[in-house]
Protein chains: 2
Amino acid sequence: MTAAAPVAPAPTAAAATDLAPHELRILVAVDRERGFSAAAKVLGLTQSAVSHSIHGTERKVGAVLFERGRKGATPTAAGTAAAAHARRVLRLLDTLAAEARGAEQGTVAGPLRIAAFRSAALYLLPPVLERLTARHPGIEPEVHVVRELGAGTAGEVAEGHADVGIATMGASSPVPAGLIGDVLIEEPYSLVHPAGHPAPRSLPLVDWHENCGSYTRQWWAGQDWIPKATVLTEDDGAVLSMVSRGLGMAIMPALSLNEAPDGIEITDLGPDRPTRSVGYITTPELASSVSVRALIRELRAARQ
Amino acid sequence: MTAAAPVAPAPTAAAATDLAPHELRILVAVDRERGFSAAAKVLGLTQSAVSHSIHGTERKVGAVLFERGRKGATPTAAGTAAAAHARRVLRLLDTLAAEARGAEQGTVAGPLRIAAFRSAALYLLPPVLERLTARHPGIEPEVHVVRELGAGTAGEVAEGHADVGIATMGASSPVPAGLIGDVLIEEPYSLVHPAGHPAPRSLPLVDWHENCGSYTRQWWAGQDWIPKATVLTEDDGAVLSMVSRGLGMAIMPALSLNEAPDGIEITDLGPDRPTRSVGYITTPELASSVSVRALIRELRAARQ
DNA sequence: TGCTTCTATGAGGGCCCTTCATGGACCGGG
DNA sequence: CCCGGTCCATGAAGGGCCCTCATAGAAGCA
């Protein structure tokens, strides 16, 4: 019974496959800073530590995560995917502690990162968040305005930058693969034009980048009226500004019309008007988190 | 730039708040087993290690997670919430590695880890892998022979040790939960016995561990012939060897008969013969990877 | 009162992460 | 051309952390 037996120090070798939180943080930092040295500086570590850590991570994952070059490190496809997951894991670790503390006190607390496109952040979220924080004072919502281009708000959620996304959803792709969500409201498009204009339909159509034409394209196809010209602006706020100055007319969803200035007339397009769906998106693992569920409940209640 | 800085050994104290994977595993085990000692036994650890770990976890989380009592440990509300999150974190950590590998293979090539039972690895995979590597020279298949006991090849896939598993599938449980797959071939069992034996059915039945009797049990139930004795051997190779030496007869699937030595006679069991299904199993994440899809395509093509 | 079965706690050892030194590779300028 | 600058890689040494080994305390049961 002395120290004779070495008492197998590591009976299971399978444990060597999971990544520790510090490894995840290093992975995320390298992905963000695009370099080992830069990541080391941000983390307060040595470049050597980062190099060793990434090396070990690549061994455990079984894939090359970064392309090392003279100008730093650029993530491979595997590295990008791994960093996205790492952000989600770290986020979930944060909520674990926050919600465990909340469960002890019977409250709901912790940060809640929301990605939303501009008009949703300005006109849809404020009343919702007001009621949410009134009901759960511990929740700290944080809204990031994201342009609904490319992956958009859903991309922010998938990559672990946000917990919940407010997104426009085409009928074709309701929710991206690997995420979950639902439609909250279906809002109509209306015609907006300078007030008192004699022939608004003769003006050029003003559109903006985020307004993926697919929502209105089908409607246009059924119209015998085709605008002579189309002007593309930066965002829906700029569209309204142009219309109010008499420079054109536009087809805009209801959310964007909350900020309609004077000098603008809004015309309903009738029963066949185009619509777009606005919904929420989150990850499967966060969907069961208390704060996310509380937010979704308020969103649903607000849609009426 | 000299050694002016005191080189603080622990510059950040915030790192002390996140939970390592092994702590999460212990947390989940205690929640499931309702006791420190029971969890320790399951994890192959000491009760002391579990106690220390939970203590540290509670300190990091900032809440009491378990109510210690005479009959073990029962989770508090905070403990239940924490354990639920811990399970999600562990699952996300698993998918991290799997999806990173999948993303890497999405490019062109990479290692492809296949878990297969013995006879599949010896007689089913070689021609398939030959065509696969001929078509995709970048793919490096790596076959692990796994005994089809317990979780078997599906377990290897579920635990992230393999990308694709070749498994025998009972009609009852086609594919384990959380994994996806499909049946490739349905192969018949045949009677094998020493060549020229006057009364082969009077010999003892030779069976082997992996041959989960469930496939043939139903067939036996419909037979009026019940073997006098059953001998259990290590694997199907040993069964064939015993039969060839006249020590018994056996009911074996076609795949195992590829290596039939001389002195063995194979008899078809007729239209009501028992069959077993052999299929592939993979994870949803990897199912979309190029190499895995390429392998499955070749497997399907080979089944004819 | 023993026996059994829980958990708690302190001391010590080994693993692993980090730092410290290097070194190699590459680029641009004098 | 070489030299300084910027990357990352690598091997060796140190320290923190986690685990095991003891041992103790507490509670139920015969």
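Residues numbered from 1 in each chain as written. Chains lettered and ligands numbered in written order. Predicted model: local features only at pLDDT ≥ 70, side-chain atom pairs only at ≥ 80, totals over all residues. Heavy atoms only, no water.

The name that an unreviewed UniProt entry assigns to chain A is LysR family transcriptional regulator, with the source organism given as Streptomyces gossypii. Word for word, the UniProt comment on chain A under Sequence similarities (unreviewed entry) is "Belongs to the LysR transcriptional regulatory family." (UniProt positions renumbered as here; feature names shortened; annotations may be inferred.)

Q: Looking at this structure, how should I read the overall build of chain A?
A: Within chain A, the regular secondary structure consists of 10 helices and 11 strands. Counting across all 304 residues of chain A, residues that qualify as buried make up 48%. Expressed as a percentage of contacts within chain A between residues at least 6 apart in sequence, the contacts between residues at least 24 apart total 74%. Approximately 14,500 Å² of chain A is accessible, and the part contributed by carbon and sulfur atoms is 55%. (Helix = DSSP H or I, 4+ residues; strand = E, 2+ residues; numbered from the N terminus. Buried < 20%, exposed > 50% of the residue type's maximum accessible area, 1.4 Å probe, protein only. Contact = heavy atoms within 4.5 Å. Areas by Shrake-Rupley, 256 points an atom, 1.4 Å probe, with all protein chains shown as cover.)

Q: Where do I start with the pattern of salt bridges in this structure?
A: Two side chains of opposite charge can pair, provided their charged atoms sit close to one another. Residue and element names in this part refer to chain A. Counting across every chain of the model gives 29 salt bridges over all chains. Arg-88 is the salt-bridge partner of Glu-285, the closest N and O atoms lying 3.0 Å from each other. Of this pair, Glu-285 sits in helix 9 (residues 284-287) while Arg-88 sits in helix 4 (residues 77-105); the two residues are 197 residues apart in sequence, bridging distant segments of the chain. With relative accessibility at 11%, the residue Arg-88 sits in the buried group. Between Asp-163 and Arg-113 there is a salt bridge, and its shortest N-O distance comes to 2.8 Å. Of the two residues, Asp-163 is situated in the loop between helix 6 (152-158) and strand 5 (164-169) and Arg-113 in strand 3 (residues 109-116); the sequence distance between them amounts to 50 residues. What makes Asp-163 buried here is its relative accessible area of 0%. Bridged by salt links that share partners, the residues Asp-31, Arg-34 and Arg-87 form one connected network. (Salt bridge = Lys/Arg side-chain N within 4 Å of Asp/Glu carboxyl O.)

Q: Can you help me understand the protein's contact with DNA strand D in this one?
A: Taken together, 22 residues lie around DNA strand D, and Phe-36, Ser-37 and Arg-68 of chain A together with Thr-46 and Ser-48 of chain B are the ones closest in. With respect to DNA strand D, the side chain of Ser-51 of chain A contributes an N or O atom lying 3.0 Å from a phosphate oxygen. Here a phosphate oxygen of DNA strand D and a side-chain polar atom of His-22 of chain B are 3.5 Å apart. Listed by contribution, the elements that provide at least two residues to the surface near DNA strand D are helix 2 (36-43), helix 3 (47-61) and strand 2 (72-75) of chain A together with helix 3 (47-61) of chain B. Among the elements that line the surface near DNA strand D, the one with the most residues is helix 3 of chain A, at 5 residues. Per-class residue counts for the surface near DNA strand D are 6 nonpolar, 13 polar and 3 charged. (Near = heavy atom within 4 Å. Polar contact = N/O pair within 3.5 Å; in protein donor to acceptor, adjacent residues only side chain to side chain. Nonpolar A, V, L, I, M, F, W, Y, C, P; charged D, E, K, R; others polar.)

Q: Even after reading the chapter, I still don't get the protein's contact with DNA strand C, so can you show me in this structure?
A: Residues in close proximity to DNA strand C total 21 residues, the closest being Thr-46 and Ser-48 of chain A together with Phe-36, Ser-37 and Arg-68 of chain B. By atom count, sugar and phosphate contribute 60% of the portion of DNA strand C lying within 4 Å of the protein. Within the side chain of Thr-46 of chain A, a nitrogen or oxygen atom sits 2.8 Å from a phosphate oxygen of DNA strand C. Between DNA strand C and Phe-36 of chain B, the relevant distance is 2.6 Å, taken from a phosphate oxygen to a main-chain nitrogen or oxygen of the residue. Sorting the residues of the surface near DNA strand C by element identifies helix 3 of chain A together with helix 2 (36-43), helix 3 and strand 2 (72-75) of chain B as the ones contributing at least two each. Considering every element that reaches the surface near DNA strand C, the biggest residue donor is helix 3 of chain B, with 4 residues. Broken down by class, the residue content of the surface near DNA strand C amounts to 6 nonpolar, 12 polar and 3 charged.

Q: What am I meant to see in the packing of helix 5 (residues 118-135) of chain B against helix 10 (residues 290-303) of chain B here?
A: Two quantities define a packed helix pair, namely the angle between the helix axes and the distance between the axes. Residues and elements named next belong to chain B. In the contact formed by helix 5 and helix 10, the axes pass within 9 Å of each other and the chain directions differ by 125°. Between helix 5 and helix 10, the angle is such that the two are oblique. Crossing angle aside, the handedness with which helix 5 passes helix 10 is right-handed. Facing helix 5, whose interface residues are Leu-124, Leu-125, Val-128, Leu-129, Arg-131, Leu-132 and Arg-135, helix 10 presents Ala-294, Leu-295, Glu-298, Leu-299 and Ala-302. (Axes fitted to C-alpha atoms, helices over the stretch in contact; angles between N-to-C directions. Parallel < 35°, antiparallel > 145°, perpendicular 65-115°, else oblique. Left-handed = near helix turned anticlockwise from the far one by under 90°.)

Q: Sorry, what's going on with helix 5 of chain B here?
A: One turn of the α-helix equals 3.6 residues, which is why residues spaced by three or four share an orientation. With 18 residues, helix 5 of chain B extends 25 Å from end C-alpha to end C-alpha; this agrees with the ideal 26 Å at 1.5 Å per step. Three or more residues of helix 5 of chain B are buried, namely Arg-118, Ser-119, Ala-120, Ala-121, Leu-124, Leu-125, Val-128, Leu-129 and Leu-132 of chain B. (Expected span 1.5 Å × (residues − 1).)

Q: I tried to follow the packing of aromatic side chains on my own but got confused; where do I start?
A: The relation between two aromatic rings is expressed through the spacing of the ring centres and the mutual angle of the planes. All names here are of chain A. Counted under the stated rule, the structure contains 2 aromatic pairs over all chains. With a centroid separation of 6.4 Å and an interplanar angle of 90°, the aromatic rings of Phe-36 and Phe-66 are classed as edge-to-face. Of this pair, Phe-36 sits in helix 2 while Phe-66 sits in strand 1 (residues 66-69), placing them 30 residues apart in sequence. A single burial state applies to Phe-36 and to Phe-66, both of which are buried. (Phe/Tyr/Trp six-rings, centres within 6.5 Å; stacked < 30°, edge-to-face > 60°.)

Q: Help me understand the interface of chain B and chain A in this model?
A: Size of an interface: often given as the accessible area lost when the parts come together. Of the residues lining the interface, 32 residues belong to chain B; the matching set on chain A comes to 35 residues. Across the chain B/chain A interface, buried area totals approximately 2,700 Å², and carbon plus sulfur atoms make up 69% of it. When the buried area of chain B at its contact with chain A is split by residue, His-85, Leu-92 and Leu-96 of chain B rank highest and sum to 24% of it. Viewed at the interface, chain A and chain B are joined by 2 salt bridges. (Buried area = accessible area lost by both parts, 1.4 Å probe.)

Q: Before we go on, may I ask you to explain the nonpolar core in this structure?
A: As a rule of thumb, soluble globular proteins bury nonpolar side chains together. The biggest cluster of nonpolar side chains holds 79 residues, and the ones touching the most others in it are Val-30, Ile-166, Leu-295 and Leu-299 of chain A together with Val-30 of chain B. A total of 11 residues in this core trace back to one element, the largest contributor, which is helix 4 (residues 77-107) of chain B. Apart from the residues lying within four places of it in its own chain, the contact partners of Leu-299 of chain A are Leu-124, Leu-125, Val-128, Ile-166, Leu-184 and Tyr-280 of chain A. With 23 residues, the next largest nonpolar core counts Leu-112, Ile-114, Leu-125 and Leu-255 of chain B among its residues. (Core = buried A, V, L, I, M, F, W, Y, C linked by side-chain atoms within 4.5 Å.)

Q: Even after reading the chapter, I still don't get the side chain of Thr-76 of chain A, so can you show me in this structure?
A: As for its placement among the helices and strands, Thr-76 of chain A is situated in the loop between strand 2 and helix 4. In this structure, Thr-76 of chain A is in contact with Val-64, Leu-65, Phe-66 and Glu-67 of chain A, ignoring residues within four places of it in sequence.

Q: I keep staring at the environment of Trp-225 of chain A and nothing clicks. Help me out?
A: Residues and elements named next belong to chain A. Within the element layout of this structure, Trp-225 appears in the loop between helix 7 (214-221) and strand 8 (230-233). With 23 residues separating them along the chain, Trp-225 and Ser-202 place their C-alpha atoms 9.5 Å apart. Excluding its chain neighbours within four sequence positions, the residues that come into contact with Trp-225 are Leu-191, Arg-201, Trp-219, Trp-220 and Met-249.

Q: For this particular structure, what's the right way to read helix 10 (residues 290-303) of chain A?
A: A rise of 1.5 Å per residue sets the reference length of helix 10 of chain A, with its 14 residues, at 20 Å; its end C-alpha atoms lie 20 Å apart and thus fit the reference within 8%. Considered for burial, the residues of helix 10 of chain A that qualify are Ser-291, Val-292, Ala-294, Leu-295, Ile-296, Glu-298 and Leu-299 of chain A.

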